Amino acid sequence: MVDFDRLDEQLVHALQVDGRASFSRIAAVLGISDRTTARRYHRLRETGAVRVVGVPSSARLGRVDWLIRIQCAPDTAVAVAATMARRDDTSWVCLTSGGLEVTCITHAEGPRTPLLQQLPHGPRITSVTAQCMLRAVAGTAGWAGRTAALTDEQVNELRPASPEYDVPLELTAQDERLLAELAKDGRTAYPALAAATGMPESTVRRRLGELLRSGAMYFDVEADPMMFGYATEAILWMSVAPSALSTVADALTRHPEIAYAAAVTGATNLFGFVVCPDPDALYDYLADRIGTLPGITHIETVPLTTTVKRAGTLLPRR
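Residues numbered from 1 in each chain as written. Predicted model: local features only at pLDDT ≥ 70, side-chain atom pairs only at ≥ 80, totals over all residues. Heavy atoms only, no water.

### Concerning the UniProt feature "domain: HTH asnC-type" (unreviewed entry) in the protein chain
- When the UniProt feature table is mapped onto this chain numbering, "domain: HTH asnC-type" (unreviewed entry) sits at residues 4–64 and 171–231.
- Helix makes up 54% of residues 4–64 and strand 13%, whereas the separation of the span's terminal C-alpha atoms amounts to 36 Å.
- A distance of 39 Å separates the end C-alpha atoms of residues 171–231, which is 54% helix and 11% strand. (UniProt positions renumbered as here; feature names shortened; annotations may be inferred. Helix = DSSP H or I, 4+ residues; strand = E, 2+ residues; numbered from the N terminus.)

### Details of helix α6 (residues 173–184)
- With 12 residues, α6 should cover 16 Å at 1.5 Å per step; its first-to-last C-alpha distance of 17 Å lies within 8% of that length.
- Burial in α6 covers these residues: Asp 175, Leu 178, Leu 179, Leu 182 and Ala 183. The arc that holds every buried residue of α6, seen down its axis, measures 140°, which confines them to one face.
- Elements that come into contact with the buried residues of α6 comprise β1 (50–56), α7 (190–197), α8 (201–213) and β6 (217–223). (Expected span 1.5 Å × (residues − 1). Buried < 20%, exposed > 50% of the residue type's maximum accessible area, 1.4 Å probe, protein only. Arc of directions from axis to C-beta. Contact = heavy atoms within 4.5 Å.)

### What to know about unusual backbone geometry
- Non-glycine residue Trp 92 carries a positive phi angle of around 50°.
- In this structure, Trp 92 sits in strand β3 (residues 90–96).
- Non-glycine residue Ser 97 carries a positive phi angle of around 50°.
- Topologically, Ser 97 is positioned in the loop between β3 and β4 (101–108).

### As for the sheet that holds strand β9 (residues 270–276)
- The 8 strands are arranged β2-β4-β3-β10-β7-β9-β8-β5 in a closed barrel whose pairing can be described as antiparallel. Strand-to-strand twist in this sheet, taken as the mean axis angle between neighbours without regard to direction, amounts to 35°.
- As paired elements, strand β8 (residues 258–264) and β9 share 5 bridges and run antiparallel to each other. By the bridge assignment, Ala 262 is partnered in β9 with Phe 271. (Pairing = 2+ DSSP bridges. Axes fitted to C-alpha atoms, helices over the stretch in contact; angles between N-to-C directions.)

### Some remarks on the side chain of Asp 65
- Assignment of secondary structure puts Asp 65 in strand β2 (residues 64–72).
- A distance of 2.8 Å separates a polar atom in the side chain of Asp 65 from a polar atom in the side chain of Ser 58.
- Ignoring anything within four residues of it in the chain, the contact list for Asp 65 reads Ser 58, Ile 105, Thr 106, His 107, Gln 131, Cys 132 and Met 133. (Polar contact = N/O pair within 3.5 Å; in protein donor to acceptor, adjacent residues only side chain to side chain.)

### Brief notes about the packing of α6 against α7
- Closest axis-to-axis distance for the α6/α7 pair is 9 Å, and the angle between their directions is 130°. Classified by the angle their axes make, α6 and α7 are oblique. As for how α6 packs across α7, the hand of that crossing is right-handed. In this structure, α6 uses Gln 174, Arg 177, Leu 178, Glu 181 and Leu 182 to contact α7, whose residues at the interface are Leu 193, Ala 196 and Thr 197. (Parallel < 35°, antiparallel > 145°, perpendicular 65-115°, else oblique. Left-handed = near helix turned anticlockwise from the far one by under 90°.)

### Here we look at the nonpolar core
- Within the largest apolar cluster, 52 residues are counted, with the highest numbers of intra-cluster contacts made by Ile 26, Val 50, Leu 158, Leu 178 and Phe 271.
- It is helix α1 (residues 6–17) that contributes the most residues to this core, 6 residues altogether.
- Discounting chain neighbours no more than four positions away, the residues touching Val 50 are Val 12, Leu 44, Arg 45, Val 221, Glu 222, Ala 223 and Met 227.
- Ranked by size, the runner-up nonpolar core spans 22 residues in total, among them Ala 138, Ala 249, Ala 263 and Ile 290. (Core = buried A, V, L, I, M, F, W, Y, C linked by side-chain atoms within 4.5 Å.)

### Some words on the pattern of salt bridges
- Scanning all chains against the criterion turns up 21 salt bridges.
- Between Arg 40 and Asp 5 there is a salt bridge, with its nearest N and O atoms 2.7 Å apart. With Arg 40 in helix α3 (residues 34–46) and Asp 5 in the segment before α1, the pair connects residues that are 35 residues apart, well separated along the chain.
- Judged by its relative accessible area of 16%, Arg 40 falls in the buried class.
- Here Arg 205 makes a salt bridge to Glu 201, at a shortest N to O gap of 3.4 Å. Here Arg 205 pairs with Glu 201, and both are found in helix α8, just 4 residues apart, close to one helical turn.
- Classification of Glu 201 by relative accessible area gives partly exposed; the value is 32%.
- If you follow the salt bridges from partner to partner, you end up with Asp 5, Asp 8, Arg 40 and Arg 43 in one network. (Salt bridge = Lys/Arg side-chain N within 4 Å of Asp/Glu carboxyl O.)

### So, the environment of Ala 311
- Within the secondary structure, Ala 311 is located in the segment after β10 (296–309).
- Judged by relative accessible area, which is 17%, Ala 311 ranks as buried.
- Those residues in contact with Ala 311 that sit more than four places away from it in its chain are Val 53, Val 55, Ser 91, Trp 92, Asp 220 and Glu 222.

### Side note on the side chain of Thr 76
- Its location among the elements puts Thr 76 in the loop between β2 and α4 (77–85).
- The exposure class of Thr 76 is buried, given its relative accessible area of 13%.
- Within the structure, the side chain of Thr 76 is placed 3.2 Å from the side chain of Asp 75, a separation counted as a polar contact.

### Topic: the environment of Leu 95
- Tracing the backbone shows Leu 95 in strand β3.
- Owing to a relative accessible area of 8%, Leu 95 belongs among the buried residues under this scheme.
- Here the alpha-carbon distance between Leu 95 and Val 78, two residues 17 residues apart in the chain, equals 7.5 Å.
- Apart from residues lying up to four places away in sequence, Leu 95 is in contact with Ala 77, Val 78, Ala 81, Glu 101, Val 102, Pro 303, Leu 304, Thr 305, Thr 306 and Val 308.

Next comes the structure, spelled out in C-alpha cells:
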C-alpha cells in the first residue's frame, strides 16, 4: 500500500469538497506549494490509491437506484461480481459474507424499468433480491473518516457554489459522453474532455458548470479506508419501525462509523456501509451505539471482504 500521511489526508478531504479544485487553490488552503500539491496528487492517482470520479445524481435525472443482493455458490461469486462490475449501470460492487454473496447498486432509467431479468441467473446462483433505494440518509457528503482533516474555515474556502435545483435540465448525447469520461477520471483536463465529447473546450467548461449547478452530477473521491487506518468494513441490513425511521436515520448522520446509509424497500428497510478500525471496534459500535437506538428491531451484519468496483467506471488493471 502507498505511504499515506496527514498531508495526503488533507488533500483527499480537499478533493472531496471540490473534486476539480485547481492545485493552486488547494495549495493556498493547505499552505503548501502548487508543485507539492500536484506531486502528491499524481503519486496517489498513479498508484490507484485515490481517484476523483464524476457521479450522476439519479434522483435529479429521474433514475431509480436498486440495491441488489446475489447469493452464490462459493466458486461463483467472484465471476458474478466481475460481470456486475463491467456494467455501466452498476456501482459499488462488493463481495460479502466471506465470498458467498455479491452486493451492488444498479441504476435504472425509471421506476418501471424491468430489472431482475437483466441480472445473472443460473443453478450456481441461489438467491437474488432487489430493494428500491428510497432516500440517502447519511454519508451524502462523503465518509467522515476521510473528511476530517481540514478545518471548517479551510472547507469554506474550497466549497463550490451549492446546486440550484430549479435549473432546467435535459441531458444530451454529448452530456452522456461527458459524464462517461468524468466517471473514469473527474479531473480529466478540458482539452481531453473536448476531444472525447466532440464539443469545443469552451462549451465543455460551460456545460460541466451547468451540470454541477443543476445537481445533475457531483464529484466523489474513491479511496481505500485502510489508508486511513480502518481495516474492517461491513454492511448493515436493519429492520426499523416505520415511525422510528427518521429518528434512526438522523442518528446515523452523527455516527462517524457510517460511510453511507439509505432507506430502502423491503423487510430490512434501512441499510448502511459501516467502517471501523478492527472487528473489536465493530463489536463496540454494534453493542454500544447502533444497537441502543430505539426503533431498530433487527440488524444483520454482513462482513465486506472485497470491493470490486466503487462509484466510478471500472478501469483496466495496471
